Each structure stands twice: as C-alpha cells, then as structure tokens.
Amino acid sequence: MSSFDTKIAVLLRDDLASWQRLNVTAFLVSGIAHVTPELMGEPYLDADGTEYLPMFGQPIMVFSGTADVLTAAHGRALGRGLRFSIFTDELFHTGNDADNRAAVRAVPGEKLALAGMAVHGPKNAVDKILKGASLHR
C-alpha cells in the first residue's frame with residue numbers, strides 16, 4: 001500500500017516504438033519535476049561519498065492507451081484544472097526547445113497528435129484522468 005496522497009503518472013500512446021516511449025517519458029517527467037520541486041528527494045551518495053542528482057521521492061507509474069484514450073485523458077486533465085506535460089508527434093521532428101514549443105503552439109488543443117502526457121495530482125483525480133489506460137508492460 002502506497003503512503004502517498006498524490007500520484008505521478010505518464011500515459012503513452014500504445015503504438016510508439018521502444019525508443020519513442022523512452023524519449024517521451026524522459027521529456028514528460030521533466031515538466032513534472034519543474035513545476036513540483038517538492039516532489040524531489042535528496043541527492044544520492046554512494047559509499048565513497050560521490051554525490052548523484054536527486055530523483056522523485058515517489059514512484060512514477062507508466063500507462064499506455066490508444067490515441068482516443070490519450071485525447072480523453074487530455075480533456076479530463078484540463079477539466080480538473082491539473083497542470084500536465086504533453087508530447088506530440090511533431091516533437092519527434094524538432095531538435096530544440098524553441099521549435100518544440102512552436103510546434104505545439106501551431107495546433108489547437110483538440111487537434112494535438114498526442115504521443116504522451118504526464119500528470120501529477122491527487123491519486124483519485126489522476127486515476128479518473130487515466131480511465132481506459134492500462135499499466136505499461
């Protein structure tokens with residue numbers, strides 16, 4: 001049983017290639033870390049005293065679903081007023097942050113070709129947003 005009142009979840013479209021799933025996940029969780037620094041744990045130290053960067057202090061659950069599941073989750077997250085990160089198909093063809101943001105800005109929200117999204121919030125709200133998704137395998 002989890003001792004966390006909140007949940008960090010990544011939702012990936014189920015037709016992505018392996019490299020795309022990894023790339024999208026890495027980009028998406030960076031947004032969660034940026035807006036919720038209180039989720040970050042302390043730096044890690046090995047027995048030799050070498051310091052490593054801190055990571056999230058709670059698990060990140062990764063889910064998958066169809067394009068329709070992602071579109072519905074996007075709408076539910078907006079409806080609940082939660083902040084979340086997105087990754088669209090267009091971002092596979094850009095090479096920097098400015099181009100990434102321009103690619104998203106060029107498309108109305110309801111027409112985004114979502115490859116994935118990440119959300120953090122109260123467990124019950126995140127579970128409702130993820131309706132229809134399944135744990136990634």
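The coordinates are above.
Figured I'd write up the structure that's included with this text. It should be emphasised that the depicted structure is a prediction, and the values quoted were computed from it without experimental measurement.

## Focus on the side chain of lysine 7
No. 1: Along the chain, the position of lysine 7 falls in strand β1 (residues 6-13).
No. 2: Here the side chain of lysine 7 touches aspartate 127 through a polar contact of 2.5 Å, side chain to side chain.
No. 3: Once residues within four sequence positions are removed from consideration, lysine 7 is found in contact with Gln58, Met61, Phe63, Val119, His120, Gly121, Lys123, Val126 and Asp127.

## Describing the pattern of salt bridges
Side-chain pairs of opposite charge can arise where the charged atoms are in close proximity.
No. 1: If you walk through the whole model with that rule in mind, you get four salt bridges.
No. 2: Salt-bridge contacts for aspartate 127 lead to lysine 7; the nearest nitrogen and oxygen are separated by 2.5 Å. With aspartate 127 in helix α4 (residues 123-129) and lysine 7 in strand β1, the pair connects residues that are 120 residues apart, well separated along the chain.
No. 3: Exposure remark for aspartate 127: the relative accessible area of 40% places this residue in the partly exposed category.
No. 4: A salt bridge links arginine 13 to aspartate 89, with the nearest nitrogen and oxygen atoms 2.9 Å apart. In this pair, arginine 13 is assigned in strand β1 and aspartate 89 in the loop between β5 (84-88) and α3 (97-105), connecting sequence segments 76 residues apart.

## A closer look at the environment of phenylalanine 63
No. 1: Here phenylalanine 63 is to be found in strand β4 (residues 60-65).
No. 2: In this structure phenylalanine 63 comes out as buried when scored by relative accessible area, which is 10%.
No. 3: Considering only alpha carbons, one finds phenylalanine 63 and leucine 12, 51 residues apart in sequence, at a separation of 6.2 Å.
No. 4: If we skip the residues at most four places from it in the chain, phenylalanine 63 touches Lys7, Ala9, Val10, Leu11, Leu12, Leu130, Ala133, Ser134, Leu135 and His136.

## Description of a nonpolar patch on the surface
No. 1: Together, Tyr44, Tyr52 and Met55 give the surface a local cluster of nonpolar side chains, amounting to about 320 Å² of exposed area.
No. 2: Tracing the backbone through its elements, the reader meets methionine 55 in the loop between β3 (51-52) and β4.

## Points about the nonpolar core
No. 1: One finds Ala9, Leu11, Met117, Val119, Ile129 and Leu130 to be the most contacted residues of the largest nonpolar core, which totals 17 residues.
No. 2: Residue assignment for this core shows that the elements contributing at least two residues are β1, α2 (67-79), β6 (114-122) and α4.
No. 3: Considering every element that reaches this core, the biggest residue donor is α2, with four residues.

Calculation notes
- Residues numbered from 1 in each chain as written.
- Predicted model: local features only at pLDDT ≥ 70, side-chain atom pairs only at ≥ 80, totals over all residues.
- Heavy atoms only, no water.
- Helix = DSSP H or I, 4+ residues; strand = E, 2+ residues; numbered from the N terminus.
- Polar contact = N/O pair within 3.5 Å; in protein donor to acceptor, adjacent residues only side chain to side chain.
- Contact = heavy atoms within 4.5 Å.
- Salt bridge = Lys/Arg side-chain N within 4 Å of Asp/Glu carboxyl O.
- Buried < 20%, exposed > 50% of the residue type's maximum accessible area, 1.4 Å probe, protein only.
- Patch = residues over 30% accessible without salt bridge, like charges linked within 9 Å, V, L, I, M, F, W, Y side chains within 5 Å.
- Areas by Shrake-Rupley, 256 points an atom, 1.4 Å probe, with all protein chains shown as cover.
- Core = buried A, V, L, I, M, F, W, Y, C linked by side-chain atoms within 4.5 Å.

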